[in-house]
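Given next are the chains, with one letter for each unit.
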Amino acid sequence: MTLDDILVEIKQAETIVVMAHESPDGDAIGSVLAMNLALKKMGKKVDVIVKEFPRTFDFLPGAKDVKTTSDVETYDLAISLDCADLKRLVGREYFEKAKKTIVIDHHSTNMMYGDLNFVNPVSPACCEILAGMFEYFDIDIDAEIGSCIVTGIITDTGGFKYASVTAETFEFTAELLRKGVNISDIYQRVLETRRKSNFELLRRAMNRLELLENDKIAFTYINKQDEEDVQAEPGDHEGIVENGRSIEGVKVSVFIREKEENLYKVSMRTGNGSNINVSDICYIFGGGGHPRAAGATVAGTVEQVKEKLIKEIKKVI
């Protein structure tokens with residue numbers, strides 16, 4: 001499968017739906033908005049389905065185009081972005097009914113569930129894949145598309161600090177800067193600005209943080225009551241897991257949040273200087289992601305989920 005194959009399907013389609021994974025982060029949001037703008041430049045009718053859109057990204061071009069549902073029963077083409085598994089795809093009902101499907105992603109655990117799959121696990125962000133793709137398609141990456149792309153790159157590289165960053169990442173970013181993308185403003189909006197509800201969740205999580213196994217594991221959590229108490233919005237949990245990974249000596253940082261009764265979403269990060277592959281750990285629980293950043297969904301109470309996770313982490317530390 002080549003980029004030419006993807007271009008053929010896009011050109012043939014009249015109706016297109018674009019979607020990403022549940023609990024979308026900056027790379028997922030940046031990817032769907034960039035793809036939306038690029039497809040419209042090609043004269044396509046596009047629907048973007050995101051059911052939980054974090055308010056942090058309201059400033060991005062095309063954010064007002066996002067829908068939570070659609071009345072189109074069968075699309076000519078469905079495009080999944082930044083989503084490794086069909087189970088995590090929001091709007092998968094449209095994906096499954098579409099005449100043709102395309103998956104574009106950078107997770108090494110991608111299940112290749114589309115008719116066409118373009119997966120580059122070396123890329124630090126799905127948005128960086130799109131930057132190269134749009135260039136190949138001869139689509140002008142203007143300041144609007146560029147703002148969406150750099151949002152994904154900034155958030156998935158932690159502000160260019162992760163080892164996944166390449167020379168190509170900086171080359172793309174430099175080109176976007178030349179095109180008028182206000183990178184410093186985007187950086188401040190998505191990485192350095194906290195809503196009060198986000199801060200309150202962080203404070204509760206930090207008050208509960210435990211250092212386990214001779215300080216090699218950082219563990220914390222939030223529950224539904226916490227989210228209700230602080231009137232949390234979609235995305236308010238983002239970044240909490242990062243605080244544990246920054247503690248000296250921590251090899252794995254674990255953060256869990258209650259999705260529903262006796263079911264928790266798990267986020268894991270590799271600590272600074274650690275070579276543990278947290279994607280492998282999350283895969284045991286039906287999840288996955290990247291070697292240094294991964295997630296899963298695990299059933300049980302807080303203590304039960306904690307025990308299950310620590311048991312597997314202990315095997316590799």
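The coordinates are above.
Residues numbered from 1 in each chain as written. Predicted model: local features only at pLDDT ≥ 70, side-chain atom pairs only at ≥ 80, totals over all residues. Heavy atoms only, no water.

**Focus on the overall build of the protein chain**
Our working definition: Strands are runs of DSSP state E lasting at least 2 residues, helices are runs of H or I lasting at least 4, and numbering of each runs from the N terminus. The globule rule used for comparison is 2.2 Å times the number of residues to the exponent 0.38, while the radius of gyration itself is calculated over C-alpha atoms. Residue exposure (1.4 Å probe, protein chains only): buried if accessible area is under 20% of the type maximum, exposed if over 50%, otherwise partly exposed. Only heavy atoms enter the contact rule, under which two residues are in contact if any of them lie within 4.5 Å. For the accessible areas, the method is Shrake-Rupley and the probe is 1.4 Å, while residue cover comes only from the protein chains on display. For this count, His and the chain ends are skipped, Lys and Arg are scored as positive, and Asp and Glu as negative. For this purpose, a charge sits on NZ of Lys, CZ of Arg, CG of Asp or CD of Glu.
A count of helical and extended segments in the protein chain gives 12 helices and 12 strands. Computed over C-alpha atoms, the radius of gyration of the protein chain comes to 19 Å, within 12% of the 20 Å expected from 2.2 N^0.38 for 317 residues, which places it in the range of a compact globule. Projecting the C-alpha coordinates of the protein chain onto the three principal axes gives extents of approximately 55 × 40 × 35 Å. The buried share among the 317 residues of the protein chain stands at 56%. Within the protein chain, counting contacts between residues at least 6 apart in sequence, those at least 24 apart form 64% of the total. Carbon and sulfur atoms provide 45% of the accessible area of the protein chain, an area that totals close to 14,300 Å². For the protein chain, the separation between the mean place of its 39 positive charges and that of its 52 negative charges on side chains is 3 Å.

**Quick notes on the sheet that holds strand β10 (residues 263-270)**
Strand pairing in a sheet relies on backbone hydrogen bonds, with the paired strands running either antiparallel or parallel. Note the cut-off: Strand pairing requires that DSSP identify at least two bridges connecting the strands. Axis geometry follows a simple rule: fit a line to the C-alpha atoms, using only the stretch in contact for helices, then measure angles between N-to-C directions, giving values from 0 to 180 degrees.
Strand order in the open sheet formed by 6 strands is β7-β8-β9-β10-β12-β11, with mixed pairing between adjacent strands. Since the sheet does not close on itself, it has two edges, and those belong to β7 (210-212) and β11 (288-289), each with one partner. With 7 bridges joining them, β10 and strand β12 (residues 293-299) adopt antiparallel strand pairing. Residue pairing for β12: Lys-265 is matched across the bridge by Thr-297. On top of the sheet, helix α8 (residues 196-208) reaches β7 and β8 (217-222); it is set at about 135° to β8, its chief contact.

**Remarks on the environment of Asp-215**
For Asp-215, the position within the fold is in the loop between β7 and β8. Along the sequence, Asp-215 and Glu-233 sit 18 residues apart, while their C-alpha atoms lie 32 Å from each other.

**Here's the deal with the side chain of Thr-101**
Stated formally: Whenever a nitrogen or oxygen atom comes within 3.5 Å of another N or O atom, the pair is scored as a polar contact, on the condition that within protein one atom can donate a hydrogen and the other can accept it, and that pairs from neighbouring residues in sequence are kept only if both atoms are in side chains.
Assignment of secondary structure puts Thr-101 in strand β5 (residues 100-105). Here the side chain of Thr-101 touches Asp-115 through a polar contact of 2.8 Å, landing on its backbone nitrogen.

**Quick word on the packing of aromatic side chains**
Counted only if it meets this: Note on aromatic contacts: the rings of Phe and Tyr and the six-membered ring of Trp form a pair at centre separations within 6.5 Å, being stacked when their planes are under 30 degrees apart, edge-to-face when over 60 apart, and tilted otherwise. By the criterion adopted, a ring carries a charge over it if an Arg CZ or a Lys NZ lies within 6 Å of its centre and within 35 degrees of its normal.
Tallied over the full model, the rule gives 4 aromatic pairs. Relative to Phe-170, the ring of Phe-160 lies with its centre 5.6 Å away and its plane at 25°, an arrangement referred to as stacked. With Phe-160 in the loop between α5 (143-156) and α6 (167-178) and Phe-170 in helix α6, this residue pair connects regions lying 10 residues apart in the sequence. A residue is classified by how much of its surface remains accessible, and Phe-170, at 45% relative accessible area, is partly exposed. Its end group placed over the ring of Phe-59, Arg-189 keeps NZ or CZ at 4.6 Å from the ring centre.

**Observations regarding the sheet that holds strand β4 (residues 77-81)**
Taken together, the 6 strands give an open sheet; going across it, the order is β3-β2-β1-β4-β5-β6, and neighbouring strands pair in parallel fashion. At either margin of the open sheet sits one strand with a lone partner, and together these are β3 (66-67) and β6 (116-119). Here 4 bridges tie β5 to β6, and the two strands are oriented parallel to one another. When the sheet's bridge partners are listed, Asp-105 is paired in β6 with Val-119. Most of the contacts of helix α1 (residues 3-12) go to β6, to which it runs at about 130°, and overall it touches β1 (15-20), β4, β5 and β6. Against the sheet, helix α4 (residues 126-136) contacts β4, β5 and β6, and its axis sits at roughly 115° relative to β5.

**Here's the deal with helix α12 (residues 302-314)**
In plain terms, the rule: Given the number of residues in a helix, its expected span is that number minus one, multiplied by 1.5 Å. Note that the arc is defined by the directions from the helix axis to the C-beta atoms.
In this model, α12 (13 residues) spans 18 Å end to end at C-alpha, consistent with the 18 Å of a helix rising 1.5 Å per residue. Looking at α12, one finds that the buried residues are Val-302, Val-305, Lys-306, Leu-309, Ile-310, Glu-312 and Ile-313. Angularly, the buried residues of α12 cover 165° about the axis, an arc narrow enough to put them on a single face. Turned more than 90 degrees away from the buried face of α12, the exposed residues are Glu-303, Glu-307 and Lys-311.

**Thoughts on the side chain of His-21**
Note on placement: His-21 falls in the loop between β1 and α2 (26-41). The class for His-21 is buried, based on a relative accessible area of 8%. A distance of 3.4 Å separates polar atoms of two side chains, one belonging to His-21 and the other to Asp-25. Excluding its chain neighbours within four sequence positions, the residues that come into contact with His-21 are Ala-28, Leu-81, Asp-82, Cys-83, Arg-88 and Val-90.

**With respect to the packing of α5 against α6**
Definition in use: Left-handed describes a crossing whose near helix is turned anticlockwise from the far helix by less than a right angle; the clockwise case is right-handed.
Between α5 and α6, the shortest axis-to-axis distance is 10 Å and the interhelical angle comes to 145°. Every pair of crossing elements has a handedness; the one defined by α5 and α6 is left-handed. Contacts between α5 and α6 involve Gly-146, Ile-149, Val-150 and Ile-153 on the former and, on the latter, Thr-169, Thr-173 and Leu-176.

In short, shape yes, function no, at least from these values alone.
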